[in-house]
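Given next are the chains, with one letter for each unit.
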Amino acid sequence: LALALIYENLGDKAKAERYIELALGHHSHHYLVQYIAGRLYYLEGRFADSESHLTTSVALQGDYAPARMLLGNLLVVTGKNDRAIEVVRPLLSQQPNQVRARYILGMAYWRRGDLENAVRSFEGAIGLAKDDEWSRLALEELAFFSNEVRVLGVYRASPWREGLS
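About the cut-offs
Residues numbered from 1 in each chain as written. Predicted model: local features only at pLDDT ≥ 70, side-chain atom pairs only at ≥ 80, totals over all residues. Heavy atoms only, no water. Helix = DSSP H or I, 4+ residues; strand = E, 2+ residues; numbered from the N terminus. Expected span 1.5 Å × (residues − 1). Buried < 20%, exposed > 50% of the residue type's maximum accessible area, 1.4 Å probe, protein only. Arc of directions from axis to C-beta. Salt bridge = Lys/Arg side-chain N within 4 Å of Asp/Glu carboxyl O. Phe/Tyr/Trp six-rings, centres within 6.5 Å; stacked < 30°, edge-to-face > 60°. Lys NZ or Arg CZ within 6 Å of the ring centre and 35° of its normal.

**Digging into helix H9 (residues 133-145)**
Over its 13 residues, H9 runs 18 Å from end to end, which matches the ideal 18 Å to within 8%, given 1.5 Å per residue. Along H9, the residues that are buried comprise Ser135, Arg136, Ala138, Leu139, Leu142 and Ala143. Axial view of H9: buried residues confined to an arc of 165°, hence all on one face. Facing away from the buried side of H9 by over 90 degrees, the exposed positions are Trp134, Phe144 and Phe145.

Right under this line is the structure:
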């Protein structure tokens, strides 16, 4: 497993993949091995393989935040927004200060068409980390492109906008 990580950092994808396959052969029941395999395949654009390993990692260790967040992000990228919400929401029940999870959840809601929950998620992230540019930009884009008066009203009334020009 360590060699897979070293070769991944060196940019040698072939060797990284070879060592992760060896690690999976010996320790497929370990959540961290499954997570690293999922991350490696995600970075290679092998989303089906990545989803399989990340799903296994979450099943083995449900409170491992990096696996839940990467799986949630992958599911949003591949258009599986309802499943992304199912994966990420439990993480926020356990660890409510996860800014990145709130952003991922906001993206899933937005792409599902649930603008009110998207706004709440982005604002929750910004409330936890005032410098969260990803959520701030997503919220501004959502407000800009939305014809929904209620979204624009929530956006304009947001306390985090104080001091913005």
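**Thoughts on the pattern of salt bridges**
The full count for this structure, using the stated rule, is ten salt bridges. In this structure, the salt-bridge partner of Arg39 is Glu8, at a minimum N-O distance of 2.7 Å. One end of the pair, Arg39, is in helix H3 (residues 31-43); the other, Glu8, is in helix H1 (residues 2-10), with 31 residues separating them in the sequence. Among the residues examined, Arg39 registers a relative accessible area of 24% and is labelled partly exposed. Residue Glu8 is classed as buried on the basis of its relative accessible area of 16%. Measuring nitrogen to oxygen at the nearest pair gives 2.7 Å for the salt bridge that ties Glu17 to Arg46.

**A closer look at the packing of aromatic side chains**
Counted by the stated rule, this structure contains seven aromatic pairs. Relative to Phe47, the ring of Tyr42 lies with its centre 5.6 Å away and its plane at 45°, an arrangement referred to as tilted. For Phe47, a relative accessible area of 30% translates into the label partly exposed. Plain terms: the ring middles of Tyr103 and Phe122 are 5.9 Å apart, the flat faces sit at 40° to each other, and that makes the pair tilted. Of this pair, Tyr103 sits in helix H7 (residues 99-112) while Phe122 sits in helix H8 (residues 115-128); the two residues are 19 residues apart in sequence, bridging distant segments of the chain. A single burial state applies to Tyr103 and to Phe122, both of which are buried. An aromatic cluster of three or more residues is present, and its members are Tyr103, Trp110, Phe122 and Trp134. The ring of Trp134 carries Arg100 above its face, with NZ or CZ at 6.0 Å from the centroid.

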